[in-house]
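# Overview (structure and organization)
One letter stands for each residue in the lines below.
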Amino acid sequence: MKTRIITALVALPFVLLPIWLGGVWCTALFVAVAVIAGLEFFYLMEIAGFYPNRWLGIAWLSMLALNGWRPALFPLAPVLVAGLLISVTDALRVTENPAGRWMSTSVGAIYLGIATGQTLALRQLPEGLWWLLYGLVVAWTNDTAAYFVGVTWGRHKLWPRISPKKTWEGTIAGWIGAAIAGAAVVSLTPLPDAVGLAALIGGVCGVLGLFGDLSISMLKRQSGVKDTGHLIPGHGGVLDRLDSLLFVLPFIATVALLFAP
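An account of the accompanying structure is given in this report.

What counts and how
- Residues numbered from 1 in each chain as written.
- Predicted model: local features only at pLDDT ≥ 70, side-chain atom pairs only at ≥ 80, totals over all residues.
- Heavy atoms only, no water.
- Phe/Tyr/Trp six-rings, centres within 6.5 Å; stacked < 30°, edge-to-face > 60°.
- Helix = DSSP H or I, 4+ residues; strand = E, 2+ residues; numbered from the N terminus.
- Buried < 20%, exposed > 50% of the residue type's maximum accessible area, 1.4 Å probe, protein only.
- Core = buried A, V, L, I, M, F, W, Y, C linked by side-chain atoms within 4.5 Å.
- Contact = heavy atoms within 4.5 Å.
- Pairing = 2+ DSSP bridges.

Let us now look at the packing of aromatic side chains. All chains considered together, the criterion is met by six aromatic pairs. Both rings, one in tyrosine 111 and one in phenylalanine 247, keep their centres 6.3 Å apart while their planes meet at 85°; by these two values the pair is edge-to-face. A residue pair is termed long-range when its members are at least 10 positions apart, and tyrosine 111 in helix α5 (residues 98-124) and phenylalanine 247 in helix α10 (residues 245-259) qualify at 136 residues. Ring plane angle 65° and centroid distance 5.8 Å describe the contact between tryptophan 131 and tyrosine 134, whose orientation is recorded as edge-to-face. Here the residue tryptophan 131 and the residue tyrosine 134 both occupy positions in helix α6 (residues 128-153), the gap between them amounting to three residues, near one helical turn. Its relative accessible area of 6% is what places tryptophan 131 among the buried residues. Through a chain of ring-to-ring contacts, three or more aromatic side chains come together here, namely Trp131, Tyr134 and Phe259.

What follows is the structure, given as structure tokens:
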């Protein structure tokens with residue numbers, strides 16, 4: 001726990017400063033994070049026996065992510081179609097598990113690329129900085145509350161086959177914490193001052209964060225690994241830290257568009 005806290009405190013300024021600056025700084029951070037997460041994802045797929053084309057997947061993932069920054073340069077539909085055509089052509093060349101190669105390459109690229117692209121698009125909105133911080137705070141509060149309550153009072157397992165340590169007590173505490181965090185953020189920022197709605201959105205983010213967490217846990221269990229990587233001391237891999245955000249931030253992007261002037 002000491003290592004986790006120290007690592008978080010050291011890393012936080014390097015994450016928040018580019019987000020605050022926006023533009024090319026935020027883009028560079030998010031694409032770099034997505035690439036590292038993609039490498040971890042494709043590594044898990046290799047262990048599970050699917051053998052994706054990791055470099056094709058990384059290139060495709062990067063272009064999908066950059067769509068959120070410059071949609072005119074990286075239009076979503078052509079990038080998606082080109083990636084699908086190239087990836088299926090690549091899979092047809094192999095004789096061992098071609099379907100697994102195609103699906104694992106495609107899922108990794110589309111999953112991480114579009115989620116990152118939506119997050120970058122969110123940052124471009126007039127109030128995008130505050131919406132992005134809202135999503136980060138809500139997701140981190142959900143994870144933190146779920147962890148500490150689950151460790152201290154958790155008794156009833158949520159999904160032991162997929163995530164043995166996760167409990168209903170911790171999960172519900174995370175949802176409550178996410179709702180409170182959502183209400184607190186709109187009270188302290190220029191976001192629309194609708195505290196009840198912000199709490200509801202925060203609670204929904206808590207539920208989405210759970211499914212994001214379980215999705216990566218499922219991949220780790222099938223691959224037989226504890227963490228997606230070892231880059232972040234005390235936290236595991238980058239994908240371990242992104243799991244809930246991959247579901248939460250695209251949802252926040254949709255919500256922000258509804259409130260955009």
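Below, the discussion takes up the nonpolar core. In this structure, Ile19, Phe41, Leu112, Leu122, Trp131, Tyr134 and Ile252 are the most contacted members of the largest nonpolar core, which totals 54 residues. Contributing elements (two or more residues each) for this core: α2 (23-47), α3 (54-66), α5, α6, α7 (168-188), α8 (195-223), α9 (238-242) and α10. With sequence-adjacent residues up to four places away left out, tyrosine 134 is seen in contact with Gly182, Val185, Val186, Leu191, Ala198, Ile201, Gly202 and Ile252.

What follows covers the pairing of strand β2 (residues 163-167). Two faces, one strand: in a regular strand the side chains alternate between the faces of the sheet. Relative to β2, strand β1 (residues 157-159) runs antiparallel, the two being bridged by two bridges. Across the sheet, residue tryptophan 159 finds its bridge partner in β2, namely serine 163. Connecting β1 to the antiparallel partner β2 that follows it, the hairpin turn spans three residues.

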